[in-house]
Amino acid sequence: MIIIKSDKEINLMREAGKIVAYAHQVVRENIRPGISTAELDKIAEDIIRKHGAIPAFKGYGGFPATICSSVNDQVVHGIPSRDVILKDGDIISVDIGALKDGFYGDSAKTHPVGKVSDEATKLIEVTRDSFYEGLKFCKVGYRLSDISNAIQKYAEANNFGVVRDYVGHGIGTQMHEDPQIPNYGPPGKGPRLVKGMVIAVEPMINLGTHEVETLNDGWTVVTLDRKLSAHYEHTIAITEEEPILLTKL
Ligand code: MG
Ligand code: MG
């Protein structure tokens, strides 16, 4: 069941979203060769708690940390570690969620570490831009899969693989609500978008094959061909006018 949010609830969701956005900003400022993903995790957790919010991923299904830090061929759900030290030329996807006043915010970004290859730069840009292609359809009257189709078309026009096994989602008082939002598929399917829907759209785009597998830690999802992967996500409120990115400062 899709839960529609009132204007008042969406305003509350802005607060969670802003904290997620701010945590992203500070994490980004600290990404450099030599820092560990555990240190980035600590930075994000401190910011979220300082603003009176709760890290949404910590303890979710047993996940042990505040951020998901997915380096290079890791797609999503990488576990921060003191042993994972970022190197020049890496890329890192950071996914952050926070709970504030009963509502969640959820957002992910991929960043270069130092100087990265041209193909890594392009992957990061196309992943971000595929999100904004999907965002064009985050308007009243379109159907859910219009978003999915726009993302897929853009990513595949750039010869990248679109991850199938993980999808976007509704979000509110639960981090994952209905509906599921795949990043692929034909247009014109699924429910029509209405004012008050709040959704997390999150393309996960691979340099090579779209196929992925999970490592033995039970969490870390990697590309099957071990080529690079990038992730971009915002929490979006559907309105009568333009969509609102709740996780943007
Ligand atoms: Mg996320
Ligand atoms: Mg999400």
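Higher on the page you've got the structure.
Residues numbered from 1 in each chain as written. Chains lettered and ligands numbered in written order. Predicted model: local features only at pLDDT ≥ 70, side-chain atom pairs only at ≥ 80, totals over all residues. Heavy atoms only, no water.

Asker: Describe the sheet that holds strand β12 (residues 221–223), with residues and values.
Answerer: With respect to topology, three strands assemble into an open sheet ordered β3-β12-β11, the strand pairing being antiparallel. Edge positions in the sheet fall to β3 (74–76) and β11 (212–214), since each of these pairs with one other strand and no more. Each strand of the sheet is rotated relative to its neighbour by a mean of 40°, with strand direction disregarded. Sheet analysis places β11 next to β12, joined by three bridges and oriented antiparallel. Bridge pairing links V212 to T223 in β12. (Pairing = 2+ DSSP bridges. Helix = DSSP H or I, 4+ residues; strand = E, 2+ residues; numbered from the N terminus. Axes fitted to C-alpha atoms, helices over the stretch in contact; angles between N-to-C directions.)

Asker: Describe in detail the coordination of the magnesium ion (ligand 1), supporting the description with residues and values.
Answerer: Only D95 (OD), D95 (OD), D106 (OD) and E233 (OE) from the protein coordinate the magnesium ion (ligand 1), and they sit 2.0 to 2.5 Å from it. Between the two metals, the magnesium ion (ligand 1) and the magnesium ion (ligand 2), the spacing is 3.2 Å, and D106 donates to both. Taken together, the residues D95 in strand β4 (residues 91–100) and D106 in strand β5 (residues 103–112) connect sequence positions 11 residues apart. No difference in accessibility class separates D95 from D106, as the two residues are buried. (Donors = N, O, S within 2.8 Å, 3.2 Å for Na, K, Ca; no water. Buried < 20%, exposed > 50% of the residue type's maximum accessible area, 1.4 Å probe, protein only.)

Asker: Could you give me a rundown of the pattern of salt bridges, with the residues and numbers involved?
Answerer: All told, the structure shown has 13 salt bridges when counted by the stated rule. For E15, the salt bridge goes to K18, with nearest N and O atoms at 3.4 Å. Linking E15 with K18, this pair stays in helix α1 (residues 7–30), spanning three residues, or about one helical turn. E15 sits in the partly exposed class, given a relative accessible area of 32%. Shared partners join several salt bridges into a network, and the residues in it are E45, R49 and K58. (Salt bridge = Lys/Arg side-chain N within 4 Å of Asp/Glu carboxyl O.)

Asker: Give me the lowdown on the sheet that holds strand β14 (residues 234–237), citing residues and values where you can.
Answerer: Strand order across the open sheet formed by five strands is β8-β7-β9-β14-β15, with antiparallel pairing between neighbours. Both edges of this open sheet fall to β8 (177–181) and β15 (244–245), since each of them pairs with a single strand only. Of the strand pairs in this sheet, β14 and β15 are connected by two bridges, and their pairing is antiparallel. Across the sheet, residue A237 finds its bridge partner in β15, namely I244. Packed on one face of the sheet, helix α3 (residues 118–135) meets β9 (198–201), β14 and β15 and runs near 10° to β14. Against the sheet, helix α4 (residues 144–157) touches β8 and β9, its axis set at about 40° to β8. (Contact = heavy atoms within 4.5 Å.)

Asker: Tell me about the packing of aromatic side chains, and please be specific about residues and values.
Answerer: Under the criterion given, the structure shown has five aromatic pairs. Seen from their ring centres, F131 and Y132 are 5.0 Å apart, and the 85° between their planes marks the pair as edge-to-face. Residue F131 is classed as buried on the basis of its relative accessible area of 0%. Pairing Y132 with Y232 gives two aromatic rings, centres 5.9 Å apart and planes at 55°, and the pair type is tilted. Here Y232 lies in the loop between β13 (229–231) and β14 and Y132 lies in helix α3, a separation of 100 residues in the sequence. Judged by its relative accessible area of 9%, Y232 falls in the buried class. (Phe/Tyr/Trp six-rings, centres within 6.5 Å; stacked < 30°, edge-to-face > 60°.)

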